[in-house]
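Breakdown of the fold
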Amino acid sequence: RITFKVTSKADSLFPVVSAASIVAKVARDYLLLNWKFQEKPLQGQRHEFGCGYPGDKITKQWLSSNLEKTFGFPNIVRFSWQTTRTILAEKANPVKWADDKEDDP
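Let me begin by describing the structure that accompanies this report.

Rules used in this analysis
- Sequence order as written defines residue numbering, which begins from 1 separately in each chain.
- Selection of residues for local features in this predicted model requires a pLDDT of at least 70, selection of side-chain atom pairs for listing and counting requires 80 or more, and totals for whole chains, interfaces and linings are taken over all residues.
- Here the side-chain values reflect all heavy atoms present in the structure, with hydrogen atoms and water set aside.
- Relative accessible area decides the class of each residue, using a 1.4 Å probe on protein chains only: under 20% of the type maximum gives buried, over 50% gives exposed, and in between gives partly exposed.
- What counts as a helix is a DSSP run of H or I of at least four residues, what counts as a strand is a run of E of at least two, and both are numbered from the N terminus.
- Note that the arc is defined by the directions from the helix axis to the C-beta atoms.
- Whether two residues are in contact is decided by their heavy atoms: any pair within 4.5 Å suffices.
- A cavity, in this analysis, means grid points on a 1 Å lattice covering only the protein atoms where a 1.4 Å probe fits yet has no way out; a pocket is instead an open set bounded by protein on both sides within 12 Å along at least five of seven lines, and a residue lines either one if it has an atom within 4 Å of a point.
- Grid points are joined across faces, edges and corners, and a volume is the space filled by probe spheres set on the points.
- Amino acids outside the nonpolar list (Ala, Val, Leu, Ile, Met, Phe, Trp, Tyr, Cys, Pro) and the charged list (Asp, Glu, Lys, Arg) are all regarded as polar, and Gly is one of them.
- Salt bridges are defined as contacts in which a side-chain nitrogen from Lys or Arg sits within 4 Å of a carboxyl oxygen from Asp or Glu.
- Only residues whose relative accessible area exceeds 30% and that form no salt bridge are eligible for patches; like-charged ones are grouped when within 9 Å, while nonpolar side chains (Val, Leu, Ile, Met, Phe, Trp, Tyr) are grouped when within 5 Å.
- Calculation of accessible area relied on Shrake-Rupley with a 1.4 Å probe; when residues are assessed, cover is drawn exclusively from the protein chains displayed.

Attention now moves to helix α3 (residues 57-65). The complete set of buried residues in α3 reads T59, W62 and L63. The buried residues of α3 occupy one face: seen down the axis, they fall within an arc of 100°. Exposed side chains of α3 directed beyond 90 degrees from the buried face belong to K57, Q61 and S65. Summarising the contacts, the buried residues of α3 are in contact with α4 (82-91).

The structure is reproduced here in structure tokens:
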């Protein structure tokens, strides 16, 4: 039987969690450094997308400059991320789905 304990700030309290966090960050950095874009306009482009965190100026700049106003972002970008949603809401073409309900009074 395996038990799990959810703990706030676990990476600072448990060495094994801290080590796993470091391994995950190094693996992520390696994958991003070697990322091959599937989108033709981006193929061969340098990987200057910053650290990926919401407050990072380079990340926000990369997102803004790589937004395709109808289709969104390259497949490397998480559309569920709030920073992504904000840029889509402010700069992308609005989308109305056929099954969207109208707000009737």
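Put simply, the largest pocket is a space of about 410 Å³. Secondary structure elements with two or more residues in the lining of the largest pocket: α2 (15-33) and α3. Of the residues belonging to the lining of the largest pocket, the class tally is 12 nonpolar, 3 polar and 2 charged.

This brings us to the pattern of salt bridges. One pass over the full model with this rule turns up 1 salt bridge. Here D29 makes a salt bridge to R28, at a shortest N to O gap of 3.5 Å. Its relative accessible area of 46% is what places D29 among the partly exposed residues.

Let's shift gears to a nonpolar patch on the surface. Together, L13, F14, V16 and V17 give the surface a local cluster of nonpolar side chains, amounting to about 350 Å² of exposed area. Within the fold, L13 resides in helix α1 (residues 10-13).

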